[in-house]
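# Fold and geometry: a report
Now for the letters of each chain:
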Amino acid sequence: MHPSHFAVLNHMVRLGDGRTPAELASAFQVTRATMSHTLALLDRRGFVRLAANERDARSKLVFLTEDGRRFRSEAIGAVEAMVRQVFDPQTLDHLAAALPHLRAIRKRLDENR
């Protein structure tokens, strides 16, 4: 799986699913064609489900499947385990202290896209 594909799963867990491919393309600043390709690959792997948009028949909505949520959770767990092996506890404390600030920056950037 490419990092960009994982990023879509992570984004949907973080902000919720039920978004259109166009909304996701905008969030990732890629073309709709690029996002459609990414979603097709995730759909083929069973990580997302595309459904008709009842409010706009011209578009679809994207939903995470249980397999997609499980894959993302397992991947995060694997990365966390690697990080704990590489960094000492004091460094991890410093990184954890930075997280609220990084989240605030991400939120501000999302709001002012």
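One can find the structure itself at the top, above this paragraph.
What comes next is a walk through the structure. None of these values were measured; they are calculated from a predicted model. (Residues numbered from 1 in each chain as written. Predicted model: local features only at pLDDT ≥ 70, side-chain atom pairs only at ≥ 80, totals over all residues. Heavy atoms only, no water.)

Turning to the overall build of the protein, a few remarks are in order. Of regular secondary structure, the protein possesses five helices and two strands. For the protein, the succession of helices and strands along the chain, N to C, is α-α-α-β-β-α-α. Looking at the protein alone, contacts between residues at least 24 apart form 51% of all its contacts between residues at least 6 apart. Surface accessibility of the protein: about 8100 Å² in total, with carbon and sulfur atoms responsible for 55%. Side-chain charges of the protein comprise 18 positive and 13 negative groups, with the mean position of each set lying 4 Å from the other. (Helix = DSSP H or I, 4+ residues; strand = E, 2+ residues; numbered from the N terminus. Contact = heavy atoms within 4.5 Å. Areas by Shrake-Rupley, 256 points an atom, 1.4 Å probe, with all protein chains shown as cover. Lys, Arg positive; Asp, Glu negative; His and termini not counted. Charge placed at Lys NZ, Arg CZ, Asp CG, Glu CD.)

Where helix H1 (residues 3-15) contacts helix H3 (residues 32-44), the two axes come as close as 10 Å, and the packing angle between them is 80°. On the basis of the axis angle, H1 is roughly perpendicular to H3. Along the contact surface, H1 presents His 5, Val 8 and Leu 9, while H3 presents Met 35, Thr 38, Leu 39, Leu 41 and Leu 42. Broken down by class, the residue content of the contact of H1 with H3 amounts to six nonpolar, two polar and no charged. (Axes fitted to C-alpha atoms, helices over the stretch in contact; angles between N-to-C directions. Parallel < 35°, antiparallel > 145°, perpendicular 65-115°, else oblique. Nonpolar A, V, L, I, M, F, W, Y, C, P; charged D, E, K, R; others polar.)

So yeah, pure geometry; function would need other evidence.
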